[in-house]
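What follows is the residue order along each chain.
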Amino acid sequence: DKVEQYYAEVRGNAKTPELLRLLNEKQFGVSLVFVATKAMADSLAKQLTEADHPADAIHGDLAQSQRNRVMQRYRDGRVKILVATDVAARGIDVNGIDAVINYDIPGDADSYVHRIGRTGRAGNSGTAITFISSSDYRQFGSLQRQIKPDIKKVAIPTVQDVIEVKKGKIREDLAEIIETENYDEYLDMAREMLENQDPEIALASLLRLAFKNELEESNYPEIRSINVDRRGTARLF
């Protein structure tokens, strides 16, 4: 039952685009994201869903029937990201959570331990990531002194990092198709295309057709640019 713990520095209100970078690059299967307020839980779940990372929120304002529906979708794998407040998460008992992400820093050491304890269960390994802004440093330092964990600093991936990971996944998927020989129905079309085209040009054109939305930087506007003014306030473009 091993949990690798990391923290990432963020500036101002740049947490959401930074979270999107992590979700786009690290290939987490099932994630539990902790926030400080009910309003933030609803808002973040909506933003993640709009960015093609379907998420549900769970907090104290949900009726029990709503809570049951949310948890059932999460357990069934229909929704892989759950955004929760500490109070609402007390009854969450789900195995197979790959990552706990502290979008907002926990209020005390006990809360931190309870949060990250939801990953790395039943002989599995898990990841815990905590976002730290400049205003969180004192609280985070106190937290570290109390629990004395080995929390490593990790760099937030760039958009190019995200694209490189997606290229690697495409290569793996193509290799699997070749290995399983699951391509016979496309051979005639491939031969027809190669009669009039250079193989590299034909393959590059097909890659652009199939993966343009994943491999072009312009398609990641929500995480492409973060500028910070002199007061430390993040301006997102």
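Residues numbered from 1 in each chain as written. Predicted model: local features only at pLDDT ≥ 70, side-chain atom pairs only at ≥ 80, totals over all residues. Heavy atoms only, no water.

A short note on the overall build of the protein chain
For clarity, the cut-off: Here a helix means four or more residues in a row that DSSP labels H or I, a strand means two or more in a row labelled E, and each is numbered from the N terminus. For the exposure calls, accessible area comes from a 1.4 Å probe over protein chains only, and a residue counts as buried if that area is under 20% of its type's maximum, exposed if over 50%, partly exposed in between. Contacts are residue-level and defined by heavy atoms, with any inter-residue pair within 4.5 Å sufficient. To be clear on the numbers: accessible area is Shrake-Rupley with a 1.4 Å probe, and residue cover counts the displayed protein chains and nothing else.
Each helix and strand counted, the protein chain has nine helices and nine strands in total. Put simply, the protein chain has 237 residues, and 38% of those count as buried. For the protein chain, restricting intrachain contacts to residue pairs at least 6 apart in sequence, the fraction spanning at least 24 positions comes to 74%. Accessible surface, the protein chain: about 14,100 Å² in total, of which carbon and sulfur atoms supply 47%.

Comments concerning the pattern of salt bridges
What counts here: Within this document, salt bridges are pairs made up of a side-chain nitrogen of Lys or Arg and a carboxyl oxygen of Asp or Glu, the two lying within 4 Å of each other.
Applying the stated criterion across every chain yields a total of 14 salt bridges. Of the charged contacts, one joins Glu-4 and Lys-2 as a salt bridge, the two residues approaching to 3.1 Å between their closest N and O atoms. Residue classification places Glu-4 among the partly exposed positions, given a relative accessible area of 23%. The exposure class of Lys-2 is exposed, given its relative accessible area of 52%. Notably, a salt bridge pairs Glu-4 with Lys-152, separated by 3.1 Å at the nearest N-O pair. Residue Glu-4 is located in strand β1 (residues 2-9), and its partner Lys-152 is located in strand β7 (residues 151-153); the two are separated by 148 residues in the primary sequence. One network of salt bridges, in which partners are shared, links Lys-2, Glu-4, Asp-150 and Lys-152.

Some remarks on the side chain of Arg-118
How we decide: By the criterion applied in these results, polar contacts are pairs of N or O atoms within 3.5 Å in which, for protein atoms, one can donate a hydrogen and the other can accept it, and in which residues neighboring in sequence qualify only through two side-chain atoms.
Along the chain, the position of Arg-118 falls in the loop between α5 (109-116) and β6 (125-132). Of note is the side chain of Arg-118, whose polar atom sits 2.8 Å from the backbone oxygen of His-114. Once you skip the residues sitting within four places of it in the chain, Arg-118 turns out to touch Leu-32, Phe-34, Ala-89, Arg-90, Ile-92, Val-94, Ile-97 and Val-100.

Describing the sheet that holds β1
Pairing between sheet strands relies on hydrogen bonds along the backbone, with the strands arranged either parallel or antiparallel. Operational definition: Only when DSSP finds a minimum of two bridges between them are two strands counted as paired. Inter-axis angles, ranging from 0 to 180 degrees, are taken between N-to-C directions of lines fitted to C-alpha atoms, where helices are fitted over the stretch in contact.
The strand order across the open sheet formed by seven strands is β3-β4-β2-β5-β6-β1-β7, and the pairing between neighbours is parallel. Edge positions in the sheet fall to β3 (55-58) and β7, since each of these pairs with one other strand and no more. Neighbour-to-neighbour, the strand axes of this sheet turn through a mean angle of 20 degrees, independent of strand direction. Contacts from helix α2 (residues 38-50) reach β2 (31-34), β3 and β4 (81-84), with the element oriented near 175 degrees to β3.

As for the pairing of strand β5 (residues 99-102)
Here β5 shows two buried faces, one formed by Ala-99 and Ile-101 and the other by Val-100 and Asn-102. In this sheet, β5 lies alongside β2 in parallel orientation, the contact comprising four bridges. Directly across from Phe-34, in β5, lies its bridge partner Asn-102. For β5 and β6, the ladder comprises four bridges, and the chain directions are parallel. Each bridged residue has a counterpart across the sheet, and for Asn-102 the counterpart in β6 is Thr-130.

By themselves these figures say nothing about function.
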